[in-house]
Amino acid sequence: MIVFITGASAGFGAAIARTFAGNGHRVILAARREDRIARLASELGEAALPLTLDVTSRASIDAAMAALPAHWRDIDVLINNAGLALNTLPAHEVPLDDWDTMIATNCQGLVSMTRAVLPAMVARGSGLVINLGSVAGRYPYPGGNVYGATKAFVEQFTLNLRADLVGTGVRATNLAPGLCGGTEFSNVRFKGDDAAAAKVYEGTTPLSAEDIANTAYWIATLPPHVNVNHIELMPTCQGFSPFTIKRS
Ligand code: NDP
Ligand code: 8X3
């Protein structure tokens, strides 16, 4: 398989690349940080192709797709993993720029990448799009405001892809994890405050990037007649918030 992974420079994306390449597949490593994907590509050898790409820019996506060598163009699996959360401030305090960046990356970037890859999959009559959603797209929590809303978008977009793709042989999945450590997710969310990021995982056994990579690999290696619409994972130590009731 040829697997196109956005956000391959860190976290889930890098783990997903290692898992697919380790099982004999070819991986396209897309992200903005060129040095990171170049390093991962040299670790993975001929199985990997680094591709500098900013998913928020349609021009960047077009240029990256045009730069793909001919023998890397038949993409079997697109993993829309690039994404981020910024901040945990309440809606009335959070900087509007943070909301814009999350929407541009998690929603606009994801749909632009999908639209760039989908026509060739449909023409070939096979393919799979795995979108990285989140439990935050289903369950609200304080400070989740726009991050959770972008992941709810990912869930509904994935289901609507399924509606459009029935009969084409192309599959689509929303892979929605909960608390997952060992990635840069919280460092990005807390804007480089590594102590605040580390606190999120204190005293927990969170999911790992490898758990997510193994799940993506399982989805991609199911027989072609099986479509996982939505799969949600949480670490055993994570549960649900109680309803908040403000008492006078
Ligand atoms: P990381 O911060 O470790 O990795 C995020 C990746 O996204 C990086 O490789 C980064 O690369 C890339 N990225 C960000 N913006 C862009 C952009 N504009 N263009 C291209 N690539 C971009 O996070 P995780 O691995 O933890 O998260 C991956 C996905 O999983 C995200 O969508 C996240 O929302 C989701 N998720 C994470 C959970 C968690 O607890 N960790 C749980 C549930 C879902 P670069 O900066 O080099 O461009
Ligand atoms: C990341 C999971 O619970 O931090 O999508 O929002 S959570």
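This text goes with the structure placed above it.
These remarks concern the structure in this document. (Residues numbered from 1 in each chain as written. Chains lettered and ligands numbered in written order. Predicted model: local features only at pLDDT ≥ 70, side-chain atom pairs only at ≥ 80, totals over all residues. Heavy atoms only, no water.)

Across its full length, the protein holds 8 helices and 7 strands. Against the globule reference of 18 Å for 248 residues, the protein gives a C-alpha radius of gyration of 18 Å, in line with a compact fold. Principal axes of the C-alpha set define a box for the protein whose edges measure 65 × 40 × 35 Å. Every one of the 248 residues in the protein was classed for burial, and the buried ones make up 47%. Contacts in the protein between residues far apart in sequence, at least 24 positions, make up 68% of those at least 6 positions apart. Approximately 12100 Å² of the protein is accessible, and the part contributed by carbon and sulfur atoms is 56%. Within the protein, one finds 19 positive and 21 negative side-chain charges whose respective centroids are separated by 4 Å. (Helix = DSSP H or I, 4+ residues; strand = E, 2+ residues; numbered from the N terminus. Rg over C-alpha atoms; globule rule 2.2 N^0.38 Å. Buried < 20%, exposed > 50% of the residue type's maximum accessible area, 1.4 Å probe, protein only. Contact = heavy atoms within 4.5 Å. Areas by Shrake-Rupley, 256 points an atom, 1.4 Å probe, with all protein chains shown as cover. Lys, Arg positive; Asp, Glu negative; His and termini not counted. Charge placed at Lys NZ, Arg CZ, Asp CG, Glu CD.)

Side chains that differ in sign of charge can pair as their charged atoms come close. Applying the stated criterion across every chain yields a total of 7 salt bridges. Note that Arg18 and Glu43 form a salt bridge whose closest N and O atoms lie 2.7 Å from each other. Taken as a pair, Arg18 in helix H1 (residues 11-22) and Glu43 in helix H2 (residues 34-44) lie far apart in primary sequence, 25 residues in all. Note on Glu43: relative accessible area 47%, which makes it partly exposed. What you see here is one network of salt bridges that share partners, running through Arg33, Arg36 and Glu184. (Salt bridge = Lys/Arg side-chain N within 4 Å of Asp/Glu carboxyl O.)

Only one face of strand E7 (residues 230-233) is buried, namely the one carrying Ile231 and Leu233, since none of His230 and Glu232 on the opposite face is buried. Where strand E6 (residues 170-177) meets E7, 4 bridges bridge the pair, whose relative direction is parallel. When the sheet's bridge partners are listed, Ala176 is paired in E7 with Glu232. (Pairing = 2+ DSSP bridges.)

Interpretation note: all reported values are geometric properties and have no functional meaning in isolation.
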